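Now for the letters of each chain:
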Amino acid sequence: MQKLSLDEVKAGMILAKDVVLKDGRILLLKGFTIKPRYISKLKSYDVPYIYVEKDGVELEEFNEDRVYGDAFSSIKGIMECIRNDKKYDLVQLKETVYDMVGHILNDDMLFMTLTGIRDIDNYTFLHSVDVCIYSVITAKAMNLQYDEIHELAMAAILHDVGKCKIPISILNKPGKLTDEEFEIMKRHSLYGYEIARQMPGVSEKTARIISQHHEKWDGTGYPAGLKNYDIELGARIISIADVYDALTADRIYRKRFMPHEAAEYLMADNESQFDSEIMKTFINSIAIYPKDVVVLLNTGEVARVLPSKGMASLRPKVSVITKKDGPPVFTPYEIDLRENPTIFVTDIIS
Ligand SMILES: [Fe+2]
């Protein structure tokens, strides 16, 4: 770790300690990558010096892992500050979300290979970033205006912020919740609204979208039991991304669904939970099996997924590289899963 004055700080360096302002607010969190515009921001806040990791490197033009990592550390830092009653500043989260939206508007497949990272301890934060990515891709396909997409992205990454007010014993309970515990868990939508309303620069509409992310198309959701178009458009998008991403994660009480099974679950919905038009756009816009993901087939073949998106990625073309417990295949061969209905993905290897 190095202590550097702001004149010595360069873009690309990694923060080794949180930057805390004189009033106790946390401005930037440990692990965050310094961007050029932050150096002047730090100066405007009269921050005299910061601590950076020794192996900080110059900022590359664009690094998908780094932007994803920044989004993860921003939402994790904010949720931990809220849970521990610490003050925080939203500047890092807003800038990171702004960055992600900009990159997805340029190329909607950019972050697809990074979604679906599963780490039990960090599940809520990784899930929040994935829901944000899927929501922005869907909003882009729906041709929403930039400001609306940005507002939606903030609501998506913050959609479960209310879970900071739910006791850890309920949040991490290894097993199904009792009816009483589930009633407490359901309060996270309204807690999320209250927390977002306290955030400077976060609109009332963003907070309202957060409060509605568990409403269902047929009126059986919570907290208000809103129906159809009474539910904010943003909440209708986020609820689809939320369920899709949650289904593809292992939970203590059930094994994860394969992505094509989760997509099929959404498509079978028949207008009970979701806005079917948005659901179709969602399925047609994301890559259900992103390119280069390595999968195990029911035939025992291990294959790399070839590029595709939307319905085509439900049963993509794959290139077989080895057999399970077998030697590598020296001349990889392709299988088109759409033309081979008896062959399907049984596991994701990486
Ligand atoms: Fe939620």
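Residues numbered from 1 in each chain as written. Predicted model: local features only at pLDDT ≥ 70, side-chain atom pairs only at ≥ 80, totals over all residues. Heavy atoms only, no water.

(A) Structural context of the overall build of the chain. Check the secondary structure of the chain and you find 12 helices and 9 strands. Relative to the 2.2 N^0.38 estimate, which gives 20 Å for 350 residues, the radius of gyration of the chain is 21 Å and therefore close to what a compact globule would have. Expressed as lengths along the three principal axes of its C-alpha atoms, the size of the chain is roughly 65 × 55 × 40 Å. Taking all 350 residues of the chain together, 50% fall into the buried category. Only carbon and sulfur atoms are counted for the fraction: they give 50% of the accessible area of the chain, which is about 16,700 Å². Side-chain charges of the chain comprise 44 positive and 53 negative groups, with the mean position of each set lying 3 Å from the other. (Helix = DSSP H or I, 4+ residues; strand = E, 2+ residues; numbered from the N terminus. Rg over C-alpha atoms; globule rule 2.2 N^0.38 Å. Buried < 20%, exposed > 50% of the residue type's maximum accessible area, 1.4 Å probe, protein only. Areas by Shrake-Rupley, 256 points an atom, 1.4 Å probe, with all protein chains shown as cover. Lys, Arg positive; Asp, Glu negative; His and termini not counted. Charge placed at Lys NZ, Arg CZ, Asp CG, Glu CD.)

(B) Here's a closer look at the environment of Asp 245. Of note, Asp 245 is situated in helix α10 (residues 233-247). Residues Asp 245 and Ser 128, spaced 117 residues apart in sequence, show a C-alpha to C-alpha distance of 9.3 Å. When residues no more than four places from it in sequence are discounted, the contact partners of Asp 245 are Arg 118, His 127, Asp 130, Val 131 and Tyr 134. At 2.7 Å, the side chain of Asp 245 forms a polar contact with the side chain of His 127. (Contact = heavy atoms within 4.5 Å. Polar contact = N/O pair within 3.5 Å; in protein donor to acceptor, adjacent residues only side chain to side chain.)

(C) Broad picture of the domain arrangement of the chain. When the domains of the chain are assigned, the result is domain 1 (1-61), domain 2 (63-285) and domain 3 (294-348). On a C-alpha basis, the centres of domain 1 and domain 2 stand 29 Å from each other. Contacts between the two partners involve 21 residues from domain 1, matched on the other side by 17 residues from domain 2. If you sort the residues of domain 1 by the area they bury against domain 2, Ile 26, Leu 29 and Phe 32 come out on top, with a joint share of 30%. In this assembly, domain 1 and domain 2 are joined by 0 salt bridges. (Domains from an automatic or database assignment. Buried area = accessible area lost by both parts, 1.4 Å probe. Salt bridge = Lys/Arg side-chain N within 4 Å of Asp/Glu carboxyl O.)

(D) Quick peek at the coordination of the iron ion. With distances of 2.2 to 2.3 Å, the protein atoms coordinating the iron ion are Asp 160 (OD), His 188 (NE2), His 213 (NE2) and His 214 (NE2). Within one chain, the residues serving as donors to the iron ion are arranged as D-x27-H-x24-H-H. Placement of His 188 in helix α8 (residues 188-197) and of His 214 in the loop between α9 (204-211) and α10 is noted, with a sequence separation of 26 residues between them. By relative accessible area, His 188 is classed as buried at 2%. A residue is classified by how much of its surface remains accessible, and His 214, at 22% relative accessible area, is partly exposed. (Donors = N, O, S within 2.8 Å, 3.2 Å for Na, K, Ca; no water.)

(E) Highlighting the pairing of strand β7 (residues 317-323). Of the pairings in the sheet, the one linking strand β6 (residues 301-305) to β7 comprises 5 bridges and is antiparallel in character. Across the sheet, the residue bridging to Glu 301 is Lys 323, located in β7. The pairing of β7 with strand β8 (residues 328-336) spans 5 bridges and is antiparallel. Along β8, the bridge assignment pairs Lys 317 with Asp 336. Where β7 folds back onto β8 in an antiparallel hairpin, the turn is made up of 4 residues, including Asp 325, whose phi is positive at roughly 60°. (Pairing = 2+ DSSP bridges.)

(F) The pattern of salt bridges, seen in detail. If you walk through the whole model with that rule in mind, you get 10 salt bridges. Linking Lys 205 and Glu 151 is a salt bridge whose minimum nitrogen-to-oxygen distance equals 3.9 Å. Taken together, the residues span a long stretch of sequence, with Lys 205 in helix α9 and Glu 151 in helix α5 (residues 146-157) at a distance of 54 residues. With its nearest N and O atoms 2.3 Å apart, the salt bridge here joins Arg 208 to Glu 232. One end of the pair, Arg 208, is in helix α9; the other, Glu 232, is in the loop between α9 and α10, with 24 residues separating them in the sequence. Among the charged side chains, a salt-bridge network with shared partners connects Glu 204, Arg 208 and Glu 232.

(G) Region of interest: the environment of Ser 285. Mapped onto the secondary structure, Ser 285 falls in helix α12 (residues 276-285). Judged by relative accessible area, which is 4%, Ser 285 ranks as buried. C-alpha of Ser 285 to C-alpha of Met 109: the two residues are 176 residues apart in sequence and 9.0 Å apart in space. Residues in contact with Ser 285, not counting those within four places in the same chain, are Met 109, Ile 137, Ala 141, Lys 309 and Gly 310. Within polar-contact distance, the side chain of Ser 285 engages the backbone oxygen of Thr 281 at 2.5 Å.

(H) Region of the structure containing the pairing of β6. Buried residues dominate β6, accounting for 4 of its 5 residues. As paired elements, strand β5 (residues 294-297) and β6 share 3 bridges and run antiparallel to each other. Residue pairing in the sheet places Val 295 in a bridge with Ala 303 of β6.

(I) Expanded view of α9. All of the buried residues along α9 are Thr 206, Ala 207, Ile 209, Ile 210 and Ser 211. Where α9 is buried, its residues contact α5, α8 and α10.

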